[in-house]
Amino acid sequence: MKTIAIIPARGGSKRLPQKNIKLLGGIPLLAHSIMYAKANSAIIEEIYVSTDDENVKKIALEYGAKVIDRPADISGDHEATASALKHVLQNIDHEVENVVLLQPTNPVRPESLLKETFEIYQKEDSDSLFTVSRNYKKFGKITDQKFVPYNYKIGQRSQDMEPIYFENGLLYITKASLILEDIIISEDAFPFKIDHIFANVDIDTQEDFDFAEFLFHKYIKP
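Rules of the game
Residues numbered from 1 in each chain as written. Predicted model: local features only at pLDDT ≥ 70, side-chain atom pairs only at ≥ 80, totals over all residues. Heavy atoms only, no water. Phe/Tyr/Trp six-rings, centres within 6.5 Å; stacked < 30°, edge-to-face > 60°. Helix = DSSP H or I, 4+ residues; strand = E, 2+ residues; numbered from the N terminus. Buried < 20%, exposed > 50% of the residue type's maximum accessible area, 1.4 Å probe, protein only. Lys NZ or Arg CZ within 6 Å of the ring centre and 35° of its normal. Salt bridge = Lys/Arg side-chain N within 4 Å of Asp/Glu carboxyl O. Pairing = 2+ DSSP bridges. Right-handed = clockwise from strand over helix to strand, strands pointing away. Patch = residues over 30% accessible without salt bridge, like charges linked within 9 Å, V, L, I, M, F, W, Y side chains within 5 Å. Areas by Shrake-Rupley, 256 points an atom, 1.4 Å probe, with all protein chains shown as cover.

Asks: Could you give an account of the packing of aromatic side chains, naming the residues involved and the relevant values?
Replies: According to the stated counting rule, one finds two aromatic pairs in the structure shown. Aromatic side chains phenylalanine 118 and tyrosine 121 sit 5.7 Å apart centroid to centroid with 35 degrees between the ring planes, which places their arrangement in the tilted category. Of this pair, phenylalanine 118 and tyrosine 121 are both found in helix α4 (residues 113–123), three residues apart, which corresponds to roughly one turn of the helix. Tyrosine 121 matches phenylalanine 118 in its accessibility class, with the two residues each being buried. Considering the side-chain rings of phenylalanine 198 and tyrosine 219, the 5.9 Å spacing of their centres and the 80 degrees angle between planes classify their relative orientation as edge-to-face. In this pair, phenylalanine 198 sits in the loop between β11 (190–193) and α6 (206–220) while tyrosine 219 sits in helix α6, placing the two residues 21 residues apart along the sequence. Here phenylalanine 198 falls in the buried class, since its relative accessible area comes to 5%. Note that lysine 22 overlies the ring of phenylalanine 209, its terminal NZ or CZ placed 4.8 Å from the centroid. We note arginine 109 situated over the ring of tyrosine 36; from NZ or CZ to the ring centre the distance is 5.5 Å.

Encoded structure:
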């Protein structure tokens, strides 16, 4: 019963065209997640990239991943990630127990993160785990031209607010059986809290990419 990594990497991106193959530190964005998975070979036995793009496919193969060609009907902008993961599981010829989802848009991760999370995933006997970080921003909504605070009271200090967390996308671990039911995060998923600058990277725009590049050169590249 294997643990595999799946990296979903479509070719299309409207806000940042071909973002999954843009060079971050001289390395294609997608390749950072492949290299992270390979560095955790004690946990991850195989690495799969799901894509509909020939350029992405070429890079994935060059960096040692296996490729599952994603059909057009599950490659649209609004298609759920779970459908790509499910398609991979349905197109490999051996049983899988756990899936580690690594999004190429989160290319910088703490080196020990997978080891730490996988140990907890096993210890807690969880069927899924995902990484979260605390939010310190003051949110609200505008109703009838008035600002209505959502997670704080006007004048309240941010450090005194009730903790609220966001899904940061660094990594997910899920039982393959759940993914076959189109579920990545189960109702009783373990939320692994991480307070790290890398948790603020999720690349959708050029500004996001520039921020990732800054962090890469500051914290990773020697």
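Asks: How would you explain the pattern of salt bridges if you had to name every residue and give the values?
Replies: Enumeration according to the criterion identifies nine salt bridges in this entry. For lysine 2, the salt bridge goes to glutamate 46, with nearest N and O atoms at 3.6 Å. Of the two residues, lysine 2 sits in strand β1 (residues 2–8) while glutamate 46 sits in strand β4 (residues 46–51), which places them 44 residues apart along the sequence. In this structure, glutamate 97 and lysine 175 form a salt bridge, with 3.3 Å as the shortest nitrogen-oxygen distance. Remark: lysine 175 occurs in strand β10 (residues 164–175) and glutamate 97 occurs in strand β6 (residues 96–101); sequence separation between them is 78 residues.

Asks: Give me the pairing of β4: which residues, what numbers.
Replies: In terms of burial, β4 is largely enclosed, as six of its six residues are buried. Taking every second residue as pointing to the same face, both faces of β4 are buried, with Glu46, Tyr48 and Ser50 on one and Ile47, Val49 and Thr51 on the other. Bridge analysis of β1 against β4 gives five bridges, and the strand direction is parallel. Along β4, the bridge assignment pairs proline 8 with serine 50. The sheet contact formed by β4 and strand β5 (residues 66–69) spans four bridges and is parallel. Each bridged residue has a counterpart across the sheet, and for valine 49 the counterpart in β5 is valine 67. Running through helix α2 (residues 54–62), the crossover from β4 to the neighbouring parallel element β5 is right-handed.

Asks: Please give an account of a nonpolar patch on the surface that cites residues and values.
Replies: Nonpolar side chains collect at one region of the surface, where Ile197, Phe211, Phe214, Tyr219 and Ile220 lie side by side and expose about 460 Å² of accessible area between them. The topology assignment puts isoleucine 197 in the loop between β11 and α6.

Asks: Quick one: what's the story with helix α1 (residues 29–39), residue by residue and with numbers?
Replies: Residues that lie three or four places apart on an α-helix share one face, since the helix turns once every 3.6 residues. Across the 11 residues of α1, eight count as buried, placing the element largely inside the fold. When we look at burial in α1, the residues that qualify are Leu29, Leu30, Ala31, His32, Ser33, Ile34, Tyr36 and Ala37.

The analysis is restricted to geometry; functional conclusions fall outside its scope.
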